[in-house]
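# Structural description and commentary
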Amino acid sequence: LAAQKRLLKNVLPLFKPHSVIVLGDREFHSPHLAQWLQSKHTYFALRQKKSLYFKEQLNEEYKVLKQQGFKPGMSKFYQDIYCNKGDNLGTFNLAVY
């Protein structure tokens, strides 16, 4: 996370007059990185691992993405979710395909 933030801190100001979307594959999957990007008013799409813990409401229990019964070809869009069991990071949107 520290290395990713250090890299992005140097690059993002170069695009300041433009809207930026950070696209990250699984090595950029951190919800902490997403929270940091959100605090910098930067759009992002970060691919998540199936082991992601998330919940749709603050008062719910966390669930694991891979245990939601998704099969190939299925999709779902979750709005305003919280990530990282115990951290309550968010809110984020989560697209599953």
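See the structure shown above.
Residues numbered from 1 in each chain as written. Predicted model: local features only at pLDDT ≥ 70, side-chain atom pairs only at ≥ 80, totals over all residues. Heavy atoms only, no water.

Below, the discussion takes up the overall build of the protein chain. When helices and strands are tallied, the protein chain shows two helices and six strands. The order of α-helices and β-strands along the protein chain, N terminus first, is α-β-α-β-β-β-β-β. Out of the 97 residues in the protein chain, the part that is buried amounts to 30%. Across the protein chain, every contact between residues at least 6 apart in sequence was considered, and the portion connecting residues at least 24 apart equals 39%. Looking at the protein chain as shown, the accessible area adds up to about 7,000 Å², and 50% of this sits on carbon and sulfur atoms. Once the 15 positive and 7 negative side-chain charges of the protein chain are each reduced to a mean point, those two points are 6 Å apart. (Helix = DSSP H or I, 4+ residues; strand = E, 2+ residues; numbered from the N terminus. Buried < 20%, exposed > 50% of the residue type's maximum accessible area, 1.4 Å probe, protein only. Contact = heavy atoms within 4.5 Å. Areas by Shrake-Rupley, 256 points an atom, 1.4 Å probe, with all protein chains shown as cover. Lys, Arg positive; Asp, Glu negative; His and termini not counted. Charge placed at Lys NZ, Arg CZ, Asp CG, Glu CD.)

Moving on: the environment of leucine 94. Along the chain, leucine 94 falls in strand β6 (residues 89–96). Placed 11 residues apart in sequence, leucine 94 and cysteine 83 show a C-alpha to C-alpha distance of 9.9 Å. Ignoring sequence-local partners within four residues, the contact set of leucine 94 consists of Gln48, Leu52, Phe54, Leu65, Lys76, Phe77, Tyr78 and Ile81.

Next up on the list: the nonpolar core. Note that soluble globular proteins tend to have their nonpolar side chains buried in a common cluster. Formed by 19 residues in total, the largest nonpolar core has its most connected members in Leu8, Leu12, Leu37, Phe54, Ile81 and Leu94. Those elements that provide at least two residues to this core are α2 (31–39), β5 (76–83) and β6. When sequence neighbours within four positions are dropped, the list of residues in contact with leucine 37 reads Leu8, Leu12, Val22, Thr42 and Phe44. (Core = buried A, V, L, I, M, F, W, Y, C linked by side-chain atoms within 4.5 Å.)

In total, this model carries two salt bridges according to the counting rule given. Close ionic contact of arginine 47 with aspartate 25 constitutes a salt bridge, the shortest N to O distance being 3.4 Å. Of this pair, arginine 47 sits in the loop between β2 (43–46) and β3 (53–55) while aspartate 25 is found in the loop between β1 (21–24) and α2, placing the two residues 22 residues apart along the sequence. With a relative accessible area of 48%, arginine 47 lands in the partly exposed category. Two residues, lysine 63 and glutamate 56, come together in a salt bridge whose shortest N-O distance is 3.0 Å. A residue is classified by how much of its surface remains accessible, and lysine 63, at 23% relative accessible area, is partly exposed. (Salt bridge = Lys/Arg side-chain N within 4 Å of Asp/Glu carboxyl O.)

Counted under the stated rule, the structure contains two aromatic pairs. Where phenylalanine 44 meets phenylalanine 92, the ring centres are 5.9 Å apart and the plane angle is 80°; that geometry is what we call edge-to-face. You can see phenylalanine 44 sitting in strand β2 and its partner phenylalanine 92 sitting in strand β6, a full 48 residues away along the chain. (Phe/Tyr/Trp six-rings, centres within 6.5 Å; stacked < 30°, edge-to-face > 60°.)

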